[in-house]
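For reference, the chains in residue letters:
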Amino acid sequence: MKNYPFYTPKKRYDGWKECYERLIQKALQGGKECIETNRPRQKSQWAKGTIYREVCRLKYGEPMLYSLVLHSCNNEYCINADHLRWGSVKENAKDKSSY
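The structure contained in this document is the topic of the report that follows. Everything numeric here is computed off the predicted structure, so don't read it as measured data. (Residues numbered from 1 in each chain as written. Predicted model: local features only at pLDDT ≥ 70, side-chain atom pairs only at ≥ 80, totals over all residues. Heavy atoms only, no water.)

Side note on the nonpolar core
Our working rule: Think of a nonpolar core as a cluster: buried Ala, Val, Leu, Ile, Met, Phe, Trp, Tyr and Cys residues, connected wherever their side-chain atoms sit within 4.5 Å. Buried residues are those whose accessible area, probed at 1.4 Å on protein chains only, stays under 20% of the maximum for their type, while exposed residues exceed 50% and partly exposed ones sit between those limits. By the criteria applied, helices consist of DSSP H or I runs no shorter than four residues and strands consist of E runs no shorter than two, each listed in order from the N terminus. Contacts were defined at the residue level, with two residues in contact if any of their heavy atoms lie within 4.5 Å.
Ranked by internal contacts, the top residues of the largest apolar core, which has 13 residues, are Ile51, Tyr52, Val55, Cys56, Val69, Ile79 and Leu84. Those elements that place two or more of their residues in this core are α1 (9–29), α2 (45–60) and β2 (84–87). In terms of residue count, α2 provides more of this core than any other element does, four residues in total. Setting aside anything within four residues of it in sequence, one finds Val55 in contact with Ile24, Ala27, Leu28, Ile79, Ala81 and Leu84.

In structure tokens, the structure reads:
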């Protein structure tokens, strides 16, 4: 990584953490409309999946082993807690084939 004079990792991380927490609070409020993340769609699946799992964990509790986050709205970028639920791999495959 190049050393740029304006790059300060600690400040950048702190801002990201506050934004992440605000986004989770907004997602937990729920509602009928989808709440999409504004992250670039090419990010890694791990980075993208953490916010869905966190919202689902706060709303429904800890997941069982091998649980996935399923979307009832067919929008993979939605983080609205009312549109998310825990499910199995089998339920996920069945859900994907129904769309």
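Okay, back to it.
Description of the pattern of salt bridges
So the rule is basically this: A carboxyl oxygen of Asp or Glu within 4 Å of a side-chain nitrogen of Lys or Arg is what we treat as a salt bridge.
Counted according to the given criterion, the structure contains four salt bridges. The partner of Glu54 in a salt bridge is Arg57, with the nearest N and O atoms 2.8 Å apart. Of the two residues, Glu54 and Arg57 are both situated in helix α2; the distance of three residues between them amounts to about one turn of the helix. Taking relative accessible area as the criterion, Glu54 reaches 23% and is therefore assigned partly exposed. With a relative accessible area of 28%, Arg57 lands in the partly exposed category.

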